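Chain by chain, the residues run as shown.
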Amino acid sequence: MCLEIRKTCKCGKNNAQFHMRDNVLSQEVVAELYCPECSDSADLNSETMLTDNGWIIEYDMELARFMTVSKLMLDPDTIRPGYLFDNGYACWLEMYPGEKIDILEERTEIIELQKTDPRRYLQEISNWNIARIDRLKAEGWRKALAA
């Protein structure tokens, strides 16, 4: 089971859901969130922060190191913001914040094909998904680049 948390950004206009792999880390590890609208106000610190397409996640690295070392016996020097995100210990629940809503809008037409032409539906949904991942990679979303 994995813990899922929701965090509101510093300006209060946006929020994101986080996936916390294997419940290794607590929600307090995600110390602050900055959306593209408020990320300019953040003093970027690569020791505690990770940027992803205009979003900034600030981690409580002392807590993250304590928890990963005590639960997973990891070398504390390997625990960096990128490690936490890229290994799923504290990352977006989706490929990017708001993806679920975007997906619903994007595939509405394709889903209608399921009723009338199931074979074409399978082809179209597959093509749509491949094109979507390619687009997200081109846009620079960190999770998509790893896919």
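These figures come from a predicted structure and were not determined experimentally.

**Q** Explain the overall build of the chain to me, and be specific about the residues and the numbers.
**A** When you go through the chain residue by residue, the secondary structure sums to six helices and six strands. Written out in order from the N terminus, the α and β elements of the chain read β-β-β-β-β-α-α-β-α-α-α-α. Going through the 147 residues of the chain one by one, you find that 38% of them count as buried. The long-range fraction of contacts in the chain, counting pairs at least 24 apart against all pairs at least 6 apart in sequence, stands at 54%. Of the roughly 8,600 Å² of accessible surface on the chain, 49% is carried by carbon and sulfur atoms. Positive and negative charge centroids in the chain, built from 18 and 26 side chains respectively, lie 5 Å apart.

**Q** Any chance you could break down the packing of aromatic side chains for me, citing the residues and the numbers?
**A** For the structure on display, the rule yields five aromatic pairs. Grouping aromatic residues by their ring pairs yields a cluster made of Phe-18, Trp-55, Phe-85 and Trp-92.

**Q** So, the state of the cysteines: which residues are in play, and what are the values?
**A** Summed over all chains, the structure comprises zero disulfides. For Cys-38, which is in no disulfide, the shortest distance to another cysteine sulfur is to Cys-11 and amounts to 3.8 Å. On the basis of relative accessibility, which here comes to 6%, the residue Cys-38 falls in the buried class.

**Q** Summarise the pattern of salt bridges; cite the residues concerned and give the values.
**A** This model, assessed by the stated rule, comprises 10 salt bridges. For Glu-47, the salt bridge identified is with Arg-80, shortest N-O distance 2.8 Å. With Glu-47 in the loop between strand 3 (30–34) and strand 4 (49–52) and Arg-80 in the loop between helix 1 (61–72) and helix 2 (81–86), the pair connects residues that are 33 residues apart, well separated along the chain. Note on Glu-47: relative accessible area 40%, which makes it partly exposed. Between Asp-86 and Arg-142 there is a salt bridge whose closest N-O contact spans 2.7 Å. Here Arg-142 lies in helix 6 (residues 142–146) and Asp-86 lies in helix 2, a separation of 56 residues in the sequence. Exposure remark for Asp-86: the relative accessible area of 46% places this residue in the partly exposed category. Judged by relative accessible area, which is 27%, Arg-142 ranks as partly exposed.

**Q** Requested: an account of helix 1, with residues and values cited.
**A** Counted at 1.5 Å a residue, the expected span for helix 1 with its 12 residues is 16 Å, and the 15 Å between its end C-alpha atoms agrees. Every buried residue of helix 1 is listed here: Met-61, Ala-64, Met-67 and Thr-68. Seen from one end, helix 1 has its buried residues packed into an arc of 130°, which puts them on one side. For helix 1, the exposed residues set more than 90 degrees away from the buried face come down to Glu-62 and Phe-66. With a side-chain oxygen lying 3.3 Å from the backbone nitrogen of Glu-62, the N-terminal cap of helix 1 falls on Asp-60. At the C-terminal side of helix 1, Met-73 shows a positive phi close to 60°.

Reading guide: rules and limits
Residues numbered from 1 in each chain as written. Predicted model: local features only at pLDDT ≥ 70, side-chain atom pairs only at ≥ 80, totals over all residues. Heavy atoms only, no water. Helix = DSSP H or I, 4+ residues; strand = E, 2+ residues; numbered from the N terminus. Buried < 20%, exposed > 50% of the residue type's maximum accessible area, 1.4 Å probe, protein only. Contact = heavy atoms within 4.5 Å. Areas by Shrake-Rupley, 256 points an atom, 1.4 Å probe, with all protein chains shown as cover. Lys, Arg positive; Asp, Glu negative; His and termini not counted. Charge placed at Lys NZ, Arg CZ, Asp CG, Glu CD. Phe/Tyr/Trp six-rings, centres within 6.5 Å; stacked < 30°, edge-to-face > 60°. Disulfide = S-S within 2.5 Å. Salt bridge = Lys/Arg side-chain N within 4 Å of Asp/Glu carboxyl O. Expected span 1.5 Å × (residues − 1). Arc of directions from axis to C-beta. Polar contact = N/O pair within 3.5 Å; in protein donor to acceptor, adjacent residues only side chain to side chain.

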